[in-house]
Each structure stands twice: as C-alpha cells, then as structure tokens.
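Fold and contact review
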Amino acid sequence: MQGLAALDGLDALDALDALDVVGPDGAVVHIRRQRSATVPPAPWAAQDPGDSLYRAGRDLLNRSRYDEAAGMLQRLISVYPRSSYTRTRITGRRSPSTRPTRREPAPRSDAARNAGLPLPQAATRGDGDALLARVYGTLAKRGDRRAAEWLQRHATVRDDTARTTRVVCSSDDDDDPRVAAMNALLQMDAANAVPIIKQVLAKRDACSVSLRRKAVFVLSQKRTEETEDILLSVARNDPDSDVRQQAVFWLSQVGTEKAITALDSILRTSTDPELLDKAVFAVSQIKSDRAAGILRDYAGRDNAPEEVREKAVFWLGQQHSTSSAEFLRGLYARVTVVDLKEKIIFSLSQMHSDENTRWLMDLALNEKESIDLRKKALFWAGQTGANIADLVQLYDRTSDHDMREQLVFVYSQRHETQALDKMIDIARHETDRELRKKAIFWLGQSRDPRAAQALLEIINQ
C-alpha cells in the first residue's frame, strides 16, 4: 500500500506537532501531523477550480482509503497549483502553555511494520489512538494476539476523568479511542470480540453510555448462540433508556426465532412504555406469521398501554394479512376506547380489500355507532374504492346532516361521472341550504366542463 507522502504536499493538511502512541507490543508508534478530528477542513471555496478534487480526496480520506486519497489530492496539487486549497496553510498553533515538546520520530510498531501497514496521521492524542485502533483492528483480524489485547484494553478501560470526583465525559465520539476500539472489533471474529463486548456492556459509569450503545450495534453483527440473550439482558437491565431501546431495535435486525422469543418476552413483562413501543416496532419489522401473531396478541390486551396498543394496530394494518384483517374487525367490536377504534378503522382501510371496504360501509350505516366514527369509516371507504353507486345511494338512505355533508366531500374526491352528477343534483335541488353551498363549493374545484355549466345555470336562476 502506497504511503501518504503525497498528502504532505497539500498545505491544508498541516496541523499540530507529532505525537507518540504506545502500541500493543510496547513499541512507541510515531504518528505524524494531520488535521484535527481525522479529516481535512471542510471545503470553503465552492467556485475554486480545485474544489471538486479536494472534496473527493477529503471524502476518501475520511473513509480511510488512504491510497486513493493521496492520489486524488496529489492530482489537485499538480493540476491546480494556484488553487486556494493548495496554497492555504492551517498552522494549528497552540499557546505556549500547551505546545508539546518536539520529539524525534520513533520507530513504528513491529506488528504494524511486519503487516505492511503505513500508519495514518493524526493531530491530537485522541486522534492518534483512534487511528491506531483502526490499524490494530486490521492486525487483530489477521490473527495478531497482541493487537487483540490492545483493543481489549482500550475498549474496556475507564476514562481517567471518571475516577475523579467530578465526572467530565467526552462529547465527541470521533475523538474517543474507546469508541474507535469498539469499531475495530467489527473486524474481529465473534469468538474474540464477544467477550470484550460483554465487558463493555457490564460497565455502569456515566461516561460509558455511548460506548455501550456502540457495543450493542457491534454485538448485533456477531451472530453467536449468546447474541440474543445478551441483547435481551441489555434491553431489560441497562440503566440508560437509549441503550435499552437500541438493544430492542437490533433484536429485530437479528430476526431469528430466538430474537422473536426475546421480543415477545419484553412485551409480556416490561412496564416501560418507550421500551414497549420499540419492541412493537421491532416485532413489526420481522416478516413471519409468528411475529404477526405476537402483534395481534399485544393489540388485544386490555391491560396494555393504550398508545402502544394503537402502535400494534397500526403495524398490523401495514401487513396486508387476511388473518390480521379478520382479527382487527373482531377487535373493533370488543374495544370501547374511541381512539383505538379510530386506529382500527384506519388500519383496515390500508389493507385495500373488498371485504374491508364492505365492512367500512356497513360501519358508516350503523346508527348505533357515534357519528364521528361513522364519518371516518365513510371517508376511508371512499378513499379505498367503495362502489360509487353504493355511495350515491347512501345519500338518500340517510337523513343525518353530518353524514350527508361527509358524502358530498367523498364525491368531490372521486373521479367517476356518477359522483359529479350527484353533486350537481345536490347543488340544484337540495333543500338544506348548507349542503347546497357545500356541493356548489366542490363543483367550483372541478375541472369538468359540466361543473362549470351547472354553476352558470345556478347563477342564472
């Protein structure tokens, strides 16, 4: 792999003085200058002819594709020597009190040298450890034992700040070597990575929340017999709500039968509404009959939080399942909570079946139901393709003002000739002045020439 010498020619990459980092074999690794936070400065000259090359090189460097980045930035220097990106220097000067003592370059780690890996450059000690973690992640993947040990130490070590009376946590994950070490575990095999992940997830100090969140993700990528059990334990026991919710989400991405069992367990035992909400979503993302059955079971629980039941009903409506549609129609007859009834109406309308449309029409005609629910059923029946002839006949079959007003609106949303004919008839002959005015208003929104002619005739009466 070609070194990064080409990047030295680009003044915009100059930053702070060199620093040394101790590698896994005890050797001092010298990491040379680069930009702060592991990427060159953000582009600042959109009209500069070298802007596109600078952006491309910066993006490659940010993705650790050092050879390609070096080539792209060297091309920038060669093709556009007068570019502001080529000429601008970022000195990165510190105040005298914080300027580090300059040192002679130390030799690279034997492990890194033997692996043929050039070390990238860094601007701060945090950057150095983070970049070094990437290198040792690669070495550990190749079987280097001492590199793996280094990753374990840095992934599980507690920040010095956490040992003081006043805890000050880093707000920048990109500059946290522990997070970099966790990312490097993605490259290790599960047998070596999972024990380290378990140690991280057992941490409870205030500064380990983002680290535990990262550990949950890394664990989800390591499929072992323990994966689902560990994620379930985190979902139940981690003190941080975000970490618990992340564990629930990644259970859905694992998607195994064991993961489904774990999610079902959360739905049966948890009393945390936010966690239950995430568990319902997680189950909805698993496409299996068993997962759908778990959602139906939860939606039918009278003692479950109402908002979470509504979410379960919503996700059932996205499945277009005959079994789920039948369940929801039966559930509607059992529940008494109006909001839940509304969610059932909506979910059934999303399944787009003739049987559901007929059910919605029957509900709209049922005078035992509240007028608001009947109007919602009528609206969704009109939106899901209810027979226009049935909708037209319904106007004369009901005497309720609100239902007739809703029907006028439903007609305005349909494109059949019968719908426009009915609105014209209402505008001309309806004895209820308010309903006539509604029909006239919607005729004015139509682009059909017959609507314009009807309005002219009404004007000339």
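Counting from 1, residues in each chain are numbered in the order their sequence is written. Local features in this predicted model are restricted to residues of pLDDT 70 or higher, and side-chain atom pairs are both shown and tallied only at a pLDDT of 80 or more, whereas totals for entire chains, interfaces and linings draw on every residue. Derived side-chain values reflect all non-hydrogen atoms in the structure, with water molecules and hydrogen atoms excluded from consideration.

Let us now look at the overall build of the chain. Assigned secondary structure in the chain consists of 25 helices and 2 strands. Buried residues in the chain amount to 47% of all 461 residues. In the chain, the proportion of contacts linking residues at least 24 apart, taken out of those at least 6 apart, comes to 62%. Of the roughly 23,300 Å² that the chain leaves accessible, carbon and sulfur atoms contribute 47%. Think of it this way: any DSSP run of H or I at least four residues long counts as a helix, any run of E at least two long counts as a strand, and we number them from the N terminus. With a 1.4 Å probe rolled over the protein chains alone, any residue whose accessible area is under 20% of its type maximum counts as buried; one over 50% counts as exposed, and the rest are partly exposed. Residues are treated as being in contact if the distance between any of their heavy atoms lies within 4.5 Å. To be clear on the numbers: accessible area is Shrake-Rupley with a 1.4 Å probe, and residue cover counts the displayed protein chains and nothing else.

Salt-bridge detection follows one rule: a side-chain nitrogen of Lys or Arg within 4 Å of a carboxyl oxygen of Asp or Glu. For the structure shown, the criterion picks out 23 salt bridges. Ionic pairing is found between K203 and D205, a salt bridge with its closest N-O pair at 3.5 Å. We note that K203, like D205, is buried. When the shortest N-O distance is used, the salt bridge between R301 and D297 registers 2.8 Å. Its relative accessible area of 35% is what places D297 among the partly exposed residues.

This part takes up unusual backbone geometry. In this model, H320 sits at a positive phi of 55°, which is unusual for a non-glycine residue. Mapped onto the fold, H320 is located in the loop between α16 (306-317) and α17 (322-334). For H352, which is not glycine, the phi dihedral falls at a positive 50°. Here H352 is to be found in the loop between α18 (338-349) and α19 (354-365). According to the relative accessible area criterion, H352 is exposed, its value standing at 54%.

Let's shift gears to the confidence of the model for the chain. Summary statistics for the chain give a mean pLDDT of 79 and a share of 70% for residues scoring 70 or more. A residue's pLDDT is simply how confident the predictor is in it, with values from 0 to 100. Between residues 1-38, whose pLDDT stays under 50, and residues either more than four places distant or in other chains, the model counts 137 contacts. This model gives residues 89-125 a pLDDT under 50, and the stretch forms 88 contacts once residues within four places in sequence are excluded.

The nonpolar core is taken to be a set of buried Ala, Val, Leu, Ile, Met, Phe, Trp, Tyr and Cys residues, with the residues joined through side-chain atoms within 4.5 Å. Membership of the largest hydrophobic core comes to 94 residues, with the highest contact counts inside it found for I197, I266, L328, L391 and Y411. If we ignore the near neighbours within four places in the chain, the residues touching Y411 are L391, V392, Y395, A419, K422, M423 and I426.

Turning our eyes to something else, we now look at the packing of aromatic side chains. The aromatic pairing rule takes the rings of Phe, Tyr and Trp, using the six-membered ring of Trp, and pairs them if the centres are within 6.5 Å, calling planes under 30 degrees apart stacked, those over 60 edge-to-face and the rest tilted. Tallied over the full model, the rule gives 11 aromatic pairs. Measuring from centroid to centroid gives 5.4 Å for F281 and W315, while their planes differ by 65°, and the two rings are edge-to-face. Remark: W315 occurs in helix α16 and F281 occurs in helix α14 (residues 273-284); sequence separation between them is 34 residues. Three or more aromatic residues link up through ring pairs in this structure, and these residues are F281, F314, W315, F346, F379, W380, F409, F441 and W442. Two conditions define a charge located above a ring, namely a distance within 6 Å from the ring centre to NZ of Lys or CZ of Arg, and an angle within 35 degrees of the ring normal. Here K341 stacks its cationic end above the ring of Y332, 3.7 Å away from the centre of that ring.

Moving on: the packing of α16 against α17. Two elements in contact, α16 and α17, have axes separated by 10 Å at closest approach and are oriented at 140°. By the angle class used here, α16 and α17 are oblique. For the pair α16 and α17, the sense of crossing is left-handed. The residues of α17 that touch α16, namely those facing R309, V313 and L316, are S324, F327, L328 and L331. Residue composition of the contact of α16 with α17, by class: 5 nonpolar, 1 polar and 1 charged. For helices, the fitted axis covers only the stretch in contact; all axes are lines through C-alpha atoms, and the angles between them, taken along N-to-C directions, range from 0 to 180 degrees. Note on angle classes: values under 35 degrees are labelled roughly parallel, values over 145 roughly antiparallel, values of 65 to 115 roughly perpendicular, and the remainder oblique. Here is the rule for handedness: rotate from the far helix to the near one, and if that takes an anticlockwise turn smaller than a right angle the crossing is left-handed, while a clockwise turn gives right-handed. Here the term charged refers only to Asp, Glu, Lys and Arg, the term nonpolar to Ala, Val, Leu, Ile, Met, Phe, Trp, Tyr, Cys and Pro, and the term polar to all other amino acids, Gly among them.

Time to look at the packing of helix α12 (residues 241-254) against helix α13 (residues 257-269). Two elements in contact, α12 and α13, have axes separated by 8 Å at closest approach and are oriented at 145°. In the packing of α12 onto α13, the handedness of the crossing is left-handed. Where α12 approaches α13, its residues V248, L251, S252 and V254 are matched on the opposing element by A259, A262, L263 and I266. A class-by-class count of the residues in the contact of α12 with α13 yields 7 nonpolar, 1 polar and no charged.

Checked against the element boundaries, R309 lands in helix α16. Residues contacting R309, with those up to four places away along its chain left out, are Y298, A299, G300, R301, D302, A304, L331, V335 and L340.

With that settled, the discussion passes to helix α20 (residues 371-383). Taking 1.5 Å of rise per residue, 13 residues should cover 18 Å, and α20 covers 18 Å from first to last C-alpha, within 8% of that figure. Among the residues of α20, L373, R374, A377, L378, A381 and G382 are the ones counted as buried. Trailing α20 by a residue or two, G385 shows a phi angle of about 95°, which is positive. Here the expected length of a helix is defined as 1.5 Å per residue gap, with one fewer gap than residues.

Turning our eyes to something else, we now look at the side chain of K203. You can see K203 is positioned in the loop between α9 (190-201) and α10 (209-220). Polar contacts, as used here, are pairs of N or O atoms within 3.5 Å; protein pairs need one atom able to donate a hydrogen and one able to accept it. Residues neighboring in sequence count only if both atoms are side-chain atoms. Of the polar contacts made by the side chain of K203, one reaches the side chain of D205; its length is 3.5 Å.

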